[in-house]
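Here are the chains, one letter per residue:
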Amino acid sequence: QVQLAESGGGLVQAGGSLTLSCAASGRTFSSYAMGWFRQAPGKEREFVASISWRGRDYADAARGRFTIFRDNAENTVTLQLNNLNSEDTAVYYCAADPSGLGRTGPMEYGYWGQGTQVTVSS
């Protein structure tokens with residue numbers, strides 16, 4: 001089992017950057033694929049990025065602007081957000097996929113953090 005806690009959200013102007021961090025507990029962190037999802041008001045939760053033994057995967061909206069990386073020694077996964085725009089405003093969630101595959105469907109992830117709010121002002 002793993003527990004996740006996000007941090008780093010906040011208010012930023014369009015074109016700015018934020019770094020989201022997710023701290024994980026548990027001895028088997030390195031075996032999990034890790035993902036970031038987001039949910040805007042009135043919308044479904046959507047895939048943003050994942051990292052696994054297969055590599056990194058990004059949603060089209062994130063590719064080229066966001067970067068995901070992990071530190072297995074520190075049990076952390078980070079999402080660097082660059083060139084933000086108002087459509088990126090959402091609650092961002094860190095999630096762990098026990099299968100290790102880093103899939104894009106929220107239902108594939110068994111563990112979730114509480115989320116961190118990102119608000120981009122135009």
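What this report covers is the structure whose coordinates are included nearby.

Reading the values: the criteria
Residues numbered from 1 in each chain as written. Predicted model: local features only at pLDDT ≥ 70, side-chain atom pairs only at ≥ 80, totals over all residues. Heavy atoms only, no water. Helix = DSSP H or I, 4+ residues; strand = E, 2+ residues; numbered from the N terminus. Polar contact = N/O pair within 3.5 Å; in protein donor to acceptor, adjacent residues only side chain to side chain. Contact = heavy atoms within 4.5 Å. Pairing = 2+ DSSP bridges. Axes fitted to C-alpha atoms, helices over the stretch in contact; angles between N-to-C directions. Buried < 20%, exposed > 50% of the residue type's maximum accessible area, 1.4 Å probe, protein only. Lys, Arg positive; Asp, Glu negative; His and termini not counted. Salt bridge = Lys/Arg side-chain N within 4 Å of Asp/Glu carboxyl O. Phe/Tyr/Trp six-rings, centres within 6.5 Å; stacked < 30°, edge-to-face > 60°. Lys NZ or Arg CZ within 6 Å of the ring centre and 35° of its normal.

**A short note on the side chain of aspartate 97**
For aspartate 97, the location among the structural elements is in strand β9 (residues 90-97). A distance of 3.0 Å separates polar atoms of two side chains, one belonging to aspartate 97 and the other to arginine 103. Leaving out residues up to four positions away in the same chain, aspartate 97 has contacts with Tyr32, Ala33, Gly102, Arg103, Glu108 and Tyr109.

**Observations regarding the sheet that holds strand β3 (residues 18-24)**
With antiparallel pairing, four strands are arranged side by side in an open sheet as β1-β3-β8-β7. What marks the edges here is a single partner per strand, and that holds for β1 (4-7) and β7 (66-71). Neighbour-to-neighbour, the strand axes of the sheet open up by a mean angle of 15°, direction not taken into account. Both β7 and strand β8 (residues 76-81) contribute to a ladder of six bridges, which runs antiparallel. When the bridges of β8 are listed, phenylalanine 69 appears paired with threonine 78.

**Some remarks on the side chain of glutamate 6**
The topology assignment puts glutamate 6 in strand β1. Comment: no salt bridge for buried glutamate 6; closest opposite-charge side chain is arginine 45, at 7.6 Å. One polar contact links the side chain of glutamate 6 to the main-chain amide nitrogen of glutamine 114, over a distance of 3.0 Å. Within polar-contact distance, the side chain of glutamate 6 engages the backbone nitrogen of glycine 115 at 2.9 Å. Beyond its immediate chain neighbours, meaning those up to four positions away, glutamate 6 contacts Ser21, Cys22, Trp36, Tyr92, Tyr93, Cys94, Gly113, Gln114, Gly115 and Thr116.

**What about the packing of aromatic side chains?**
The tally for this structure, following the rule as stated, stands at six aromatic pairs. Centre to centre, the rings of phenylalanine 37 and tyrosine 109 are 5.0 Å apart; their planes meet at 80°, and the pair counts as edge-to-face. One end of the pair, phenylalanine 37, is in strand β4 (residues 33-39); the other, tyrosine 109, is in the loop between β9 and β10 (111-112), and 72 residues separate them in sequence. Ring centres of tyrosine 93 and tryptophan 112 lie 6.3 Å apart, and the angle between their planes is 80°; this geometry places the pair in the edge-to-face category. Of the two residues, tyrosine 93 is situated in strand β9 and tryptophan 112 in strand β10; the sequence distance between them amounts to 19 residues. Residue tryptophan 112 is classed as partly exposed on the basis of its relative accessible area, which comes to 27%. Of the aromatic side chains, those joined through ring pairs into one cluster are Phe37, Phe47, Tyr93, Tyr109 and Trp112. Across from the ring centre of tyrosine 93, 3.8 Å away, lies the NZ or CZ of arginine 45, which sits over that ring. The ring of phenylalanine 29 has arginine 70 sitting right over it, with the charged end atom 4.6 Å from the ring centre.

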